[in-house]
Amino acid sequence: MESYLTYVGFAGSAVSMLTTLYFWLVRMRQEQPCLQPYLADKEFFLGLGRADVRQLGLKVGIIVANYSVLPNAILGARLWIRLHDGWQEVGNLAFDKQTPQPFNIPPLQTILLRLTGVLSFPYQDALEEGSKTMGNYLSSFVTQPLEMKLELRHLNQRADAHVLTLPTEAERSAQETRPLSSAA
């Protein structure tokens, strides 16, 4: 009988060690910095037009979720737009003036970032005709569906890049007409 108690005690210790190790690893994973951006809104507007350059302004609202159980902060950002021939960095990128920096994010919370910047394209007379100048430049240079690459710089010299893809008009209307639940 005493030999069985030794094995039962050893098995109990092994199970206790494995469960402690499992919960410790789960907790460690939740403590890792994990910022995930989601596109809230975007707006393009006509900017400066000179003999050789046409600028389009860009305003973007991005919801950043902190999936960690520890707080984090956003210290800076960079943004690129995918063109037909590669990525172009958005120039003069700045945070909204009404929101103070740094952006401190509590654990398991979200914040709204507002970014503004400028895209520069070669000036083309053919694209300037009519009232759809902005649409002409976007369709000529920017890929559809629109893709943005966002790099968030946060604590401990970390920077994470995320690609955000905007749904096309057809996909957006299909999502809006789809029923939210099938419960009756």
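To keep things clear, this report deals only with the structure shown in the data block. (Residues numbered from 1 in each chain as written. Predicted model: local features only at pLDDT ≥ 70, side-chain atom pairs only at ≥ 80, totals over all residues. Heavy atoms only, no water.)

## Description of the overall build of the chain
The secondary structure content of the chain amounts to 4 helices and 9 strands. Going from N to C terminus, the chain has its helices and strands arranged as α-β-β-β-β-β-β-β-α-α-β-β-α. When contacts within the chain are restricted to residue pairs at least 6 apart in sequence, long-range pairs at least 24 apart make up 65% of them. (Helix = DSSP H or I, 4+ residues; strand = E, 2+ residues; numbered from the N terminus. Contact = heavy atoms within 4.5 Å.)

## Topic: helix 3 (residues 133-141)
The complete set of buried residues in helix 3 reads Thr 133, Tyr 137, Leu 138 and Phe 141. Mapping the buried residues of helix 3 onto a view down its axis gives an arc of 130°, with all of them on the same face. Elements in contact with the buried residues of helix 3: strand 1 (35-49), strand 2 (53-66), strand 3 (72-83), strand 7 (110-122) and helix 2 (125-128). (Buried < 20%, exposed > 50% of the residue type's maximum accessible area, 1.4 Å probe, protein only. Arc of directions from axis to C-beta.)

## Section: the nonpolar core
In this structure, Val 64, Ile 74 and Ile 81 are the most contacted members of the largest nonpolar core, which totals 31 residues. Among the elements of the structure, strand 1, strand 2, strand 3, strand 6 (103-105), strand 7, helix 3 and strand 8 (147-154) are those that each provide at least two residues to this core. Discounting chain neighbours no more than four positions away, the residues touching Ile 81 are Leu 58, Gly 86, Trp 87, Gln 88, Val 90, Leu 119, Val 142, Leu 146, Glu 147 and Met 148. (Core = buried A, V, L, I, M, F, W, Y, C linked by side-chain atoms within 4.5 Å.)

## Some words on the sheet that holds strand 7
Sheet strands line up and pair through hydrogen bonds in the backbone, either parallel or antiparallel. With antiparallel pairing, the 4 strands of this open sheet are ordered in space as 1-2-7-5. Looking at strand neighbours, the two that pair on one side only are strand 1 and strand 5 (91-95), the edges of this open sheet. Neighbouring strand axes in the sheet, compared pairwise and without regard to direction, differ in orientation by 15° on average. As judged from the 12 bridges shared by strand 1 and strand 2, these two strands associate in the antiparallel manner. Across the sheet, the residue bridging to Gly 49 is Arg 54, located in strand 2. (Pairing = 2+ DSSP bridges. Axes fitted to C-alpha atoms, helices over the stretch in contact; angles between N-to-C directions.)

## Describing the pattern of salt bridges
Side chains that carry opposite charge are capable of pairing whenever their charged atoms lie near each other. This model, assessed by the stated rule, comprises 6 salt bridges. The partner of Asp 41 in a salt bridge is Arg 114, with the nearest N and O atoms 2.9 Å apart. With Asp 41 in strand 1 and Arg 114 in strand 7, this pair connects stretches of sequence that are 73 residues apart. For Asp 41, a relative accessible area of 32% corresponds to the partly exposed category. When its relative accessible area of 33% is taken as the criterion, Arg 114 is described as partly exposed. The closest approach of N and O atoms between Arg 54 and Glu 128, which form a salt bridge, is 2.8 Å. Of this pair, Arg 54 sits in strand 2 while Glu 128 sits in helix 2, and the two are 74 residues apart along the sequence. For the residue pair Arg 54 and Glu 128, the accessibility class agrees, reading buried in each case. Each of Arg 78, Glu 89 and Glu 151 takes part in a single network of salt bridges with overlapping partners. (Salt bridge = Lys/Arg side-chain N within 4 Å of Asp/Glu carboxyl O.)

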